[in-house]
Amino acid sequence: MEGNDVGQKGETIMRKRTLIKKVISVFLIASLIAGTVSTGNLPVISAASSTKSKICLKIDKRNITKKHFSIKEGKRKKIKATVSKQKKTKITFRSEEKSIVSVSKTGTFTAKKEGIAKITAIAKVKGKTYKSWVSIRVLPSKKKNSVAAGMPARVIKNGTKIKMHFGDTVIPAVLNDSVTAKALIKKLPYTIHVERYPEDFCGTMSDELPYKKKALHYGWLDGDIDYAVGTSYFTILHSGEEDSAEYGPRVNIGVITCKLKKIRSLKGDYDVLIELAKK
């Protein structure tokens, strides 16, 4: 799925950077030997920039600085913050969405309801202010939603019912009223080739679907049907919601309406026919 794609892109970028560094090193060595290096022609790196203080944020020893972290409603965690090159520095915290996530002055935050909230850590060092952040996604409590055991947590009311045919197995689902979902509905019936992965069934759509920026998010709930922006991936997510916060951006377009074990039991690749459910 897109997480693998992002990883491959990241690896490619790192390889290019390593190659560039090697080329520059060879050039400098050759220039020094020839006695032709002039410091006036080389970029000067400011010592101040290399010693700039930075705030590092961790939750359960995991680095979450400028990243995304998922937690369920009612749960509480503590953010451990440190400032580089500083032994003792006062750090304060604030939540941009206090109704979703509240945070104390010491960094202990509470997930209050489903949604996304940004927590910012602020430190002042020698008259200068430094900031860092973490995006907290609050997942709904399955007990609170009172859904049957093994059913997806997300509930969509008054959506468009569809059927997805995995060979002889039919997976019922409902699409929401997002711009992206409506664009898919116009294409139905639609067939897409999907492959099985540990957390989802994923396939590339022949055309990109429209979306609104405010609908973009990271992570998913088991049972979600998502569209991955930038890759045109159509994904049916059956597992891994607890560790999904770093994957995105994506748009939720629906949810399956059968027990998760039904889709988890499917193996291999499929040409999936998606069609409107008969009323």
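As a reminder, the structure under discussion sits directly above these lines.
Residues numbered from 1 in each chain as written. Predicted model: local features only at pLDDT ≥ 70, side-chain atom pairs only at ≥ 80, totals over all residues. Heavy atoms only, no water.

A count of helical and extended segments in the protein gives four helices and 18 strands. The proportion of buried residues among the 279 residues of the protein is 40%. For the protein, the proportion of contacts with a sequence separation of at least 24, taken over those separated by at least 6, is 66%. Of the roughly 17,000 Å² of accessible surface on the protein, a fraction of 53% belongs to carbon and sulfur atoms. (Helix = DSSP H or I, 4+ residues; strand = E, 2+ residues; numbered from the N terminus. Buried < 20%, exposed > 50% of the residue type's maximum accessible area, 1.4 Å probe, protein only. Contact = heavy atoms within 4.5 Å. Areas by Shrake-Rupley, 256 points an atom, 1.4 Å probe, with all protein chains shown as cover.)

In the structure shown here, the tally under the stated rule is six salt bridges. Linking Lys187 and Asp207 is a salt bridge whose minimum nitrogen-to-oxygen distance equals 3.4 Å. Residue Lys187 is found in helix α3 (residues 179–187), and its partner Asp207 is found in the loop between β14 (200–204) and β15 (224–228); the two are separated by 20 residues along the sequence. (Salt bridge = Lys/Arg side-chain N within 4 Å of Asp/Glu carboxyl O.)

Per the counting criterion, the structure on display carries four aromatic pairs. Where Phe166 meets Tyr270, the ring centres are 5.3 Å apart and the plane angle is 70°; that geometry is what we call edge-to-face. Of the two residues, Phe166 is situated in strand β11 (residues 160–166) and Tyr270 in strand β18 (residues 270–276); the sequence distance between them amounts to 104 residues. We classify Phe166 as buried; its relative accessible area is 2%. The buried category is assigned to Tyr270, whose relative accessible area is 18%. Relative to Tyr247, the ring of Trp220 has its centre 5.7 Å away and its plane inclined at 35°; by these criteria the two rings are tilted. Here Trp220, found in the loop between β14 and β15, pairs with Tyr247, found in the loop between β16 (233–237) and β17 (250–256); they are 27 residues apart in sequence, far enough to count as distant. On the basis of relative accessible area, Trp220 is assigned to the buried category, the value being 1%. (Phe/Tyr/Trp six-rings, centres within 6.5 Å; stacked < 30°, edge-to-face > 60°.)

Counting residues in hydrophobic clusters, the biggest one holds 31 residues, and the most contacted among them are Met164, Phe166, Phe234, Ile236, Ile253 and Ile256. Discounting residues that sit within four places of it in the chain, Met164 has contacts with Thr169, Val170, Ile171, Ala173, Ile225, Phe234, Ile236, Ile256, Val272, Leu273 and Ile274. Counting 23 residues, the second-largest nonpolar core is a separate cluster that includes Ile59, Ile71, Phe93 and Ile119. (Core = buried A, V, L, I, M, F, W, Y, C linked by side-chain atoms within 4.5 Å.)

Here we have eight strands rolled up into a closed barrel, ordered β11-β12-β17-β15-β16-β14-β13-β18, and antiparallel in their pairing. In this sheet, neighbouring strand axes are inclined to one another by 35° on average, regardless of whether the strands run parallel or antiparallel. Of the strand pairs in this sheet, β15 and β17 are connected by five bridges, and their pairing is antiparallel. In the strand pairing of β17, Asp224 is matched with Val255. Lying on the sheet, α3 is in contact with β11, β12 (169–175), β13 (190–196), β15, β16, β17 and β18; it crosses β17 at an angle near 60°. (Pairing = 2+ DSSP bridges. Axes fitted to C-alpha atoms, helices over the stretch in contact; angles between N-to-C directions.)

If you trace the backbone, Asp200 turns up in strand β14. Through-space distance from the C-alpha of Asp200 to that of Phe234 is 9.9 Å; in sequence the pair is 34 residues apart.

With that settled, the discussion passes to the sheet that holds strand β2 (residues 62–63). Reading across the sheet, the three strands line up as β2-β1-β5 and stay open at both edges, with antiparallel pairing between neighbours. Single-partner strands in this sheet number two, and they are β2 and β5 (80–83). Bridging between strand β1 (residues 55–59) and β5 involves four bridges; their strand directions are antiparallel. Paired with Lys58 across the two strands is Lys80, which belongs to β5.

Read these as geometric descriptors, not functional statements.
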